[in-house]
Amino acid sequence: HAKRHLRGRTVIFSIELEAEIRSRGVIENSLRTADFETELELVFQPIVDAMSERTASFEALARWQSPRLGWVSPADFIPAAERIGLIRPLTQALLVRALATAKTWPDDIRLSFNLSAHDVCSPEGILPLIAIIEKSGVPPRRLDFEITETAVTFDFVRAQQSIAALKTMGCGISLDDFGTGYSSLSHVHRLPLDKIKVDRSFVADINDNPVSHKIIKSLTGLCDDMEIACVVEGVETRAQLDSLRRLGCDFIQGYYFAKPMSGDAIDKYLTKEQQRLHAAGTRDAKVV
Ligand code: C2E
Ligand code: MG
Ligand code: MG
Ligand code: MG
């Protein structure tokens, strides 16, 4: 442990904490000089209808290949971009590209896009994002915006206004990472939500832990009552999928169906899915 004197207070840092603070600084500095056009990429993960097992939408997930740091996780660089005030231009650059990719998809496949607290709570507002959507030519009814509870608590009134503006256009709103952070059921009834995305921490042990099972059960019940679709993230096994279907989850996302893939791979993925569903259909028909 290293002792530091900060404004008269003695603070004890662990070596690990110092390393983390240093690496945060390194990420922030590299991000300041990053070329968003060449260093950032989007990958897409299917969100699948639990009953038909057909892809309903793809969630766009950011990837950063830094020339200095190599691959950096969005869990690290998104918060860094928020800290140094770069998240809004970053979101805008990503949304332009996500929409360009989604434009090439079949008309019934939606795009799900993550927004940060600063995107929905900043005084500059949601207008730049609305302009990007309008310019893209992708119908807003094909879009879902994912917002975390932490993001809306940042400035609830402004978040409400941004969300209302997106809803008025025809976009859907999903509450992301539900059940983590500063969860409050008040968000569920004070926001015009279309989907709730249940955090993957509840899914991991759904078949071994009766408590996780009960939590998902009560969440699907709540969603049903409120006419909100229930999406469960992080589904990795058939056994988890089967339990979630029995519990009434509407949509499933996770490695069981697919890991996030490049935009170029989507066409082939959807073709394969269609073949798989068709084969299953003919097989079931023969059994009957
Ligand atoms: P998220 O929005 O909750 O996205 C789901 C995360 O779970 C993704 O991690 C995804 O790759 C991962 N995941 C999906 N299925 C499984 C599974 O079966 N097992 C496991 N272990 N993980 C699974 P990723 O891509 O690393 O993104 C992490 C977080 O970073 C996202 O969580 C989101 O909060 C944030 N993020 C990513 N892209 C963007 C973006 O473009 N804008 C903003 N504001 N945030 C983003
Ligand atoms: Mg998300
Ligand atoms: Mg999530
Ligand atoms: Mg339901």
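Residues numbered from 1 in each chain as written. Chains lettered and ligands numbered in written order. Predicted model: local features only at pLDDT ≥ 70, side-chain atom pairs only at ≥ 80, totals over all residues. Heavy atoms only, no water.

As recorded in an unreviewed UniProt entry, the protein chain goes by EAL domain-containing protein and comes from Bradyrhizobium commune.

This part covers the coordination of the magnesium ion (ligand 2). Here the magnesium ion (ligand 2) is held by the protein donor atoms E59 (OE), N114 (OD1), E146 (OE) and D176 (OD), which lie 2.0 to 2.3 Å from it. Sequence positions of the donors to the magnesium ion (ligand 2) reduce to the motif E-x54-N-x31-E-x29-D. Between the two metals, the magnesium ion (ligand 2) and the magnesium ion (ligand 3), the spacing is 4.2 Å, and D176 donates to both. Taken together, the residues E59 in strand β4 (residues 55-66) and D176 in strand β8 (residues 172-178) connect sequence positions 117 residues apart. Given the relative accessible area of 6%, D176 is considered buried. (Donors = N, O, S within 2.8 Å, 3.2 Å for Na, K, Ca; no water. Helix = DSSP H or I, 4+ residues; strand = E, 2+ residues; numbered from the N terminus. Buried < 20%, exposed > 50% of the residue type's maximum accessible area, 1.4 Å probe, protein only.)

One way to put it is that helix α4 (residues 87-102) packs onto helix α6 (residues 127-136) with a least axis distance of 10 Å and a crossing angle of 15°. With respect to their mutual orientation, α4 and α6 come out roughly parallel. Crossing of α4 against α6: the hand is right-handed. In this structure, α4 contributes R88, T91, Q92, L95, V96 and L99 to the contact, and α6 contributes P128, L129, I132, I133 and S136. Of the residues contributing to the contact of α4 with α6, the split by class is 7 nonpolar, 3 polar and 1 charged. (Axes fitted to C-alpha atoms, helices over the stretch in contact; angles between N-to-C directions. Parallel < 35°, antiparallel > 145°, perpendicular 65-115°, else oblique. Left-handed = near helix turned anticlockwise from the far one by under 90°. Contact = heavy atoms within 4.5 Å. Nonpolar A, V, L, I, M, F, W, Y, C, P; charged D, E, K, R; others polar.)

Before going further, it helps to spend a moment on the site of ligand 1. The environment of ligand 1 is made up of 22 residues, and the closest members are R63, D176, D177, E236 and Y255. Residue E233 places a side-chain N or O atom 3.3 Å away from an oxygen atom belonging to ligand 1. At a separation of 2.8 Å, an oxygen atom of ligand 1 approaches a polar backbone atom of Y255. Elements supplying a minimum of two residues to the shell around ligand 1: β4, α3 (74-83) and β8. The greatest single-element share of the shell around ligand 1, amounting to 4 residues, is contributed by β4. Across the shell around ligand 1, the residue classes break down as 9 nonpolar, 5 polar and 8 charged. (Near = heavy atom within 4 Å. Polar contact = N/O pair within 3.5 Å; in protein donor to acceptor, adjacent residues only side chain to side chain.)

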